[in-house]
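The chain contents come next:
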Amino acid sequence: MERNDLEVAIIGAGMSGLLMGIRLQQAGIERFRIFEKASRIGGTWRENTYPGLTCDVPSFFYSYSFETNPDWSHRFAPGPEIQAYFERVAAKYDLDRYIEFDTEIRDARYQAGAWTIETQKGEEIRAKFLVMATGPLHHKHIPDIPGLQSFAGAAFHTAAWDHDVPLEGRRIGIIGTGSTAVQAVTPLSKLASQLTIFQRTAQWIYPIGNVAYTDAQRARKRRFPLLSKLTRLWYKQLFEASSAAVVKEGFFRRRLQQGCKDHLATVADPELRRKLTPDYEPGCKRLVMSTDFYDSVQKKNVHLEVSHIHQIEPEGVRTEDGQLHELDVLVLATGFDPHAWGVEQVVGAEGRSLAQAWKEGTRTYRSIAMPGFPNLFFLAGPQCPLGNISVIDVSETQADYILRTIQKLDREGFESIEVTREATEAFNQSVKEAMKGTLWVTGCKSWYLDESGDPVLWPWSARRFHRDLARPDYAHYQLRRAA
Ligand code: N01
């Protein structure tokens, strides 16, 4: 393959980049490469190895529609099982042939009718199309807490877990109460002599149990592959319908909210319950799901600290009430920077970077394209449907859209395609209207919000997303032939 004259350059060999590679290969497009900064595939599932890691979307739904897996061990499979699933799929489609590992893309520019991308080694590669498959939660958020570097024990982010650090019998602190922290608290509470959870904002937690599948259930699904497909379909219908229903005011939102409140009521100590009670509506932040977090918080060796962190000292964390919490290990479950979309510099046809274009707020055309950036597409990027649905399913719709567009340009001899400003503005105007009355604007701080405080989400149902992106509307684009 002539590496410097690619049809498609894909950045990222996580779930969505692999998917794009499979779709291109199936369509007979061979001149593509996937650039991956690490030495393994997997994205989120490669980076995150913290204790308690599971997917918060049922695994039958969080898998490719064309590669169902009868062998999931649990409804929400543990992280290593998900990583192994992606490795199996990548091997089956022989994707290693197309992946350039240890190759970070630092800079991408649209020049003279093609994208020129530059690797960290200074190599330049040209490609007609650029697909950003870098994932929404990629850059670790390391909190700017005074003294963090002075801590004498071991400190690490949950997405860079240091497995060499012993945890048994040690004094562990964990900063944050998002989905990650809630998953990690139970296993940590079983190991630590003392676990301190530093909570800045309380979370609503919806109780959904993680059932284990029996050997007999797995054997049945292996024998009758249709059963896996039906299970996937069942979870897709259930999670897409309920996610859409709770966003707007109504019966389902009230049911969800009551479910969270009833679950919180299981905390026996009224003072602890008060500390765990959020001051915003359930579902405003991404919903955290767990059946064991409240049990763990009530254990004797677990302490929930709600006085905010003042500073970190060599011995531990000092909170604003003056207390020093002495620790051996400090875990940063502080999430990711949702405004850092993968590549540092992506410069479009007019010399403007994506960061500049999004200074006032992250806006796309239907989550897939940007005016001023011809032949550039996003997978699982801004304004996708999020919530407790499968981003794999969302990416499949996007990948098919991108593939159709690439095929059209090739078939009809166009050099480039660029979405118009008018179509992008009209789309964002309708998003703004649709956001009114949604759960996400009921008043909370969340990674769903962009720099201007607006949610960077698809405000309608996932079903509508699949429908609206089923076919590209070329009237919203400018197609150009080579001069
Ligand atoms: O990150 P978060 P996360 N001082 O941003 C706190 C996905 N996920 O990694 O709320 C003190 O939700 C911060 O406090 P506040 C899932 O989509 C998926 O937990 O900002 N605290 C918050 O409590 C999820 O939504 C799976 O006040 C500070 C926490 O850190 C997304 O990842 C599993 C602080 C960050 O919570 C992100 O979840 C787990 C500071 N300076 C997660 N800075 C799967 O299914 C931050 N915090 C793959």
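Residues numbered from 1 in each chain as written. Predicted model: local features only at pLDDT ≥ 70, side-chain atom pairs only at ≥ 80, totals over all residues. Heavy atoms only, no water.

## What to know about the overall build of the protein chain
In terms of helices and strands, the protein chain carries 13 helices and 20 strands. Against the compact-globule benchmark of 23 Å for 483 residues, the protein chain has a radius of gyration of 23 Å, which places it among compact chains. Within the protein chain, buried positions represent 56% of all 483 residues. Surface summary for the protein chain: the accessible area is close to 20600 Å², and the carbon and sulfur share equals 50%. Distance between charge centroids for the protein chain: 7 Å, based on 59 positive and 60 negative side chains. (Helix = DSSP H or I, 4+ residues; strand = E, 2+ residues; numbered from the N terminus. Rg over C-alpha atoms; globule rule 2.2 N^0.38 Å. Buried < 20%, exposed > 50% of the residue type's maximum accessible area, 1.4 Å probe, protein only. Areas by Shrake-Rupley, 256 points an atom, 1.4 Å probe, with all protein chains shown as cover. Lys, Arg positive; Asp, Glu negative; His and termini not counted. Charge placed at Lys NZ, Arg CZ, Asp CG, Glu CD.)

## Thoughts on the packing of aromatic side chains
The relation between two aromatic rings is expressed through the spacing of the ring centres and the mutual angle of the planes. According to the stated counting rule, one finds 25 aromatic pairs in the structure shown. Both rings, one in phenylalanine 32 and one in tyrosine 98, keep their centres 4.3 Å apart while their planes meet at 5°; by these two values the pair is stacked. Here tyrosine 98 lies in the loop between helix H3 (79-92) and strand E3 (99-100) and phenylalanine 32 lies in strand E2 (residues 32-35), a separation of 66 residues in the sequence. Residues phenylalanine 32 and tyrosine 98 agree in their burial class; the two are buried. Here the aromatic rings of tryptophan 447 and tyrosine 448 are separated by 4.9 Å at their centres, their planes lie at 70°, and the arrangement is edge-to-face. By relative accessible area, tryptophan 447 is classed as partly exposed at 29%. An aromatic cluster is built from Trp45, Tyr62, Tyr64, Phe66, Trp72, Tyr85, Phe86 and Tyr93, whose rings are joined through pairwise contacts. In this arrangement the basic side chain of lysine 408 is found over the ring face of tyrosine 474, its NZ or CZ atom lying 4.7 Å from the centre. (Phe/Tyr/Trp six-rings, centres within 6.5 Å; stacked < 30°, edge-to-face > 60°. Lys NZ or Arg CZ within 6 Å of the ring centre and 35° of its normal.)

## Notes on the state of the cysteines
Scanning the entire structure with this criterion turns up one disulfide. A disulfide-free cysteine, cysteine 260 has its sulfur positioned 12 Å from the sulfur of cysteine 284, the nearest such atom. We note that cysteine 384 lacks a disulfide partner, and the nearest cysteine sulfur, in cysteine 55, lies 15 Å from it. Judged by relative accessible area, cysteine 384 falls into the buried class, the value being 2%. (Disulfide = S-S within 2.5 Å.)

## A few points about the site of the ligand
For the ligand, the set of nearby residues contains 26 residues, the closest of which are Asp56, Thr180, Thr201, Lys285 and Arg286. Here threonine 54 contributes a backbone N or O atom positioned 3.4 Å from an oxygen atom of the ligand. In the environment of the ligand, an oxygen atom lies 2.6 Å from a nitrogen or oxygen atom belonging to the side chain of threonine 180. In the complex, 88% of the free accessible area of the ligand, which totals 920 Å², lies under the protein chains. Considering every element that reaches the shell around the ligand, the biggest residue donor is helix H4 (residues 179-191), with three residues. Considered class by class, the residues forming the shell around the ligand number ten nonpolar, eleven polar and five charged. When we break the shell around the ligand down by domain, the ones giving at least three residues each are domain 1 (5-139 + 337-480) and domain 2 (148-212 + 218-332). (Near = heavy atom within 4 Å. Polar contact = N/O pair within 3.5 Å; in protein donor to acceptor, adjacent residues only side chain to side chain. Nonpolar A, V, L, I, M, F, W, Y, C, P; charged D, E, K, R; others polar. Domains from an automatic or database assignment.)

## With respect to the environment of proline 58
Relative to the elements of secondary structure, proline 58 occurs in the loop between helix H2 (44-47) and H3. Taking relative accessible area as the criterion, proline 58 reaches 0% and is therefore assigned buried.

## Thoughts on the layout of surface pockets
Of the volumes computed, that of the second largest pocket is approximately 710 Å³. Taken together, 33 residues form the lining of the second largest pocket, with Ser242, Ser243, Val246, Leu256 and Leu287 sitting closest to its centre. Sorting elements by how many residues they give to the lining of the second largest pocket places helix H6 (residues 225-247) first, with nine residues. In the lining of the second largest pocket, the residues fall into 23 nonpolar, six polar and four charged. The residue makeup of the lining of the second largest pocket includes at least three contributed by each of domain 1 (5-139 + 337-480) and domain 2 (148-212 + 218-332). (1 Å grid on protein atoms, 1.4 Å probe; cavity = no way out; pocket = protein on both sides within 12 Å on 5 of 7 lines; lining within 4 Å. Points joined across faces, edges and corners; volume = space filled by probe spheres on them.)

## What about helix H12 (residues 421-435)?
With 15 residues, H12 should reach 21 Å at 1.5 Å per residue; the first-to-last C-alpha distance of 21 Å fits that figure. Buried within H12 are the following residues: Ala423, Thr424, Phe427, Asn428, Val431, Ala434 and Met435. One side of H12 carries all its buried residues, which in axial view fall inside an arc of 125°. Turned more than 90 degrees from where H12 packs its buried face, Glu422, Glu425 and Lys432 sit exposed. Residues of H12 that are buried make contact with strand E19 (416-419). Count one or two residues on from H12 and you reach glycine 437, which has phi positive near 85°. (Expected span 1.5 Å × (residues − 1). Arc of directions from axis to C-beta. Contact = heavy atoms within 4.5 Å.)

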